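As a plain string of letters, each chain reads:
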Amino acid sequence: MNNTATKTNSKFTIQQIAMIAVMTAVTCVLAPLSVPIGPVPISLTNLVIYFSLFILGTKKGTISYLIYLLLGIPVFSGFTSGPGKLFGPTGGYLIGFIPLALIAGYFINHFHNKKALRFLGMILGTAVCYALGTAWLAIQAHMGLSAALMAGVIPFLPGDFIKMILALLIAPQIRKQLDAAGLAR
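Fair warning: this is a prediction, and the values are worked out from it, not measured in the lab.

Remarks on unusual backbone geometry
Okay, so step 1: We note that histidine 142 has phi near 55°; this positive angle belongs to a residue other than glycine.
Okay, so step 2: Relative to the elements of secondary structure, histidine 142 occurs in the loop between helix H7 (115-140) and helix H8 (145-152).

What follows is the structure, given as structure tokens:
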């Protein structure tokens, strides 16, 4: 393969850029909708990330989230934004969504017909997100590890498992429809 072919294959098509933009927009619409239950609100951010990974793949799904993260407009939970949010008590979770996307995306991309492994990937990615977020919350809010776990992980476990199951069951169907329409990857 020559250098021209390699360079061409590494660029995104207009269609791929549009799909990344659509998923970024979906994140911008759904992530601010949150339920404040303490220092860490319940949001739909991770659900959208899971869907993005199934629909776009690891690389483009992660890019979609990174664009969302860097927009600088009030699209975080509770319609907030900016460095104050990123470096505040919940910033570790926002940053933790990046490894969540990379880890879950790897499993989603590499184990097409193995729902259990895809689910495991989402669990592992979420666990890393929880670890980063909880450590950051404990430091920023001057909490002990137990208090940070109670504020930032334990109340979210049931809902996050439901989000994973929804993504596992629904997102592949959306992907199939997009493939049939010639719109995916």
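Here the narrative resumes.
Brief notes about the environment of isoleucine 95
Okay, so step 1: Counting through the fold element by element, isoleucine 95 comes out in helix H6 (residues 91-110).
Okay, so step 2: Judged by its relative accessible area of 39%, isoleucine 95 is partly exposed.
Okay, so step 3: Between the C-alpha atom of isoleucine 95 and that of glutamine 177, which follows or precedes it by 82 residues, the distance is 31 Å.
Okay, so step 4: Excluding its chain neighbours within four sequence positions, the residues that come into contact with isoleucine 95 are Leu69 and Leu86.

Observations concerning the pattern of salt bridges
Okay, so step 1: Applying the stated rule across the entire model yields two salt bridges.
Okay, so step 2: Between aspartate 179 and arginine 175 there is a salt bridge, with its nearest N and O atoms 2.9 Å apart. Taken together, the positions of aspartate 179 and arginine 175, both in helix H9 (residues 157-180) and four residues apart, correspond to about one turn of that helix.
Okay, so step 3: Arginine 175 sits in the buried class, given a relative accessible area of 14%.

With respect to the packing of aromatic side chains
Okay, so step 1: Scanning all chains against the criterion turns up five aromatic pairs.
Okay, so step 2: For the pair tyrosine 106 and phenylalanine 107, a centre-to-centre distance of 5.8 Å together with 80° between the ring planes defines the contact as edge-to-face.
Okay, so step 3: Given the relative accessible area of 16%, phenylalanine 107 is considered buried.
Okay, so step 4: Between the aromatic rings of phenylalanine 119 and phenylalanine 161, the centroid separation amounts to 6.1 Å while the plane-to-plane angle is 40°, which identifies the pairing as tilted. In this pair, phenylalanine 119 is assigned in helix H7 and phenylalanine 161 in helix H9, connecting sequence segments 42 residues apart.
Okay, so step 5: A relative accessible area of 21% means that phenylalanine 119 is categorised as partly exposed.
Okay, so step 6: Through a chain of ring-to-ring contacts, the aromatic side chains of Tyr65, Tyr68 and Phe97 assemble into a single cluster.

A few points about H9
Okay, so step 1: Here H9 spans 34 Å end to end across 24 residues, near enough to the 34 Å set by a 1.5 Å rise per residue.
Okay, so step 2: At leucine 168, H9 is bent by approximately 30°, the largest bend along its length, and proline proline 172 sits one to four residues beyond.
Okay, so step 3: Regarding H9, the residues found buried are Asp160, Lys163, Met164, Ala167, Leu168, Ala171, Pro172, Arg175 and Leu178.
Okay, so step 4: Close packing links the buried residues of H9 with helix H2 (14-30), strand E2 (42-43), helix H3 (45-56) and H7.
Okay, so step 5: Positioned one or two residues after H9, glycine 182 has a phi angle of 75°, which is positive.

Notes on a nonpolar patch on the surface
Okay, so step 1: The grouping of Ile162, Ile165, Leu166, Leu169, Ile170 and Ile174 at the surface amounts to a nonpolar patch, some 480 Å² of accessible area in total.
Okay, so step 2: Turning to its location among the elements, isoleucine 162 is positioned in helix H9.

Some words on the side chain of threonine 24
Okay, so step 1: Mapping threonine 24 onto the fold places it in helix H2.
Okay, so step 2: Setting aside residues up to four positions removed in sequence, threonine 24 forms contacts with Ser64, Ile67, Tyr68 and Leu71.

Concerning the confidence of the model for the chain
Detailed reading of the predicted coordinates is not advisable wherever pLDDT is low.
Okay, so step 1: For the chain, mean pLDDT is 90; residues scoring 70 or higher make up 94% of the total.
Okay, so step 2: For residues 1-8, every residue scores under 50 in pLDDT, and the model assigns this stretch two contacts once sequence neighbours within four places are set aside.

Calculation notes
- Residues numbered from 1 in each chain as written.
- Predicted model: local features only at pLDDT ≥ 70, side-chain atom pairs only at ≥ 80, totals over all residues.
- Heavy atoms only, no water.
- Helix = DSSP H or I, 4+ residues; strand = E, 2+ residues; numbered from the N terminus.
- Buried < 20%, exposed > 50% of the residue type's maximum accessible area, 1.4 Å probe, protein only.
- Contact = heavy atoms within 4.5 Å.
- Salt bridge = Lys/Arg side-chain N within 4 Å of Asp/Glu carboxyl O.
- Phe/Tyr/Trp six-rings, centres within 6.5 Å; stacked < 30°, edge-to-face > 60°.
- Expected span 1.5 Å × (residues − 1).
- Bend = angle between axes of the 7 residues up to and from the residue.
- Patch = residues over 30% accessible without salt bridge, like charges linked within 9 Å, V, L, I, M, F, W, Y side chains within 5 Å.
- Areas by Shrake-Rupley, 256 points an atom, 1.4 Å probe, with all protein chains shown as cover.
- pLDDT = per-residue confidence, 0-100.

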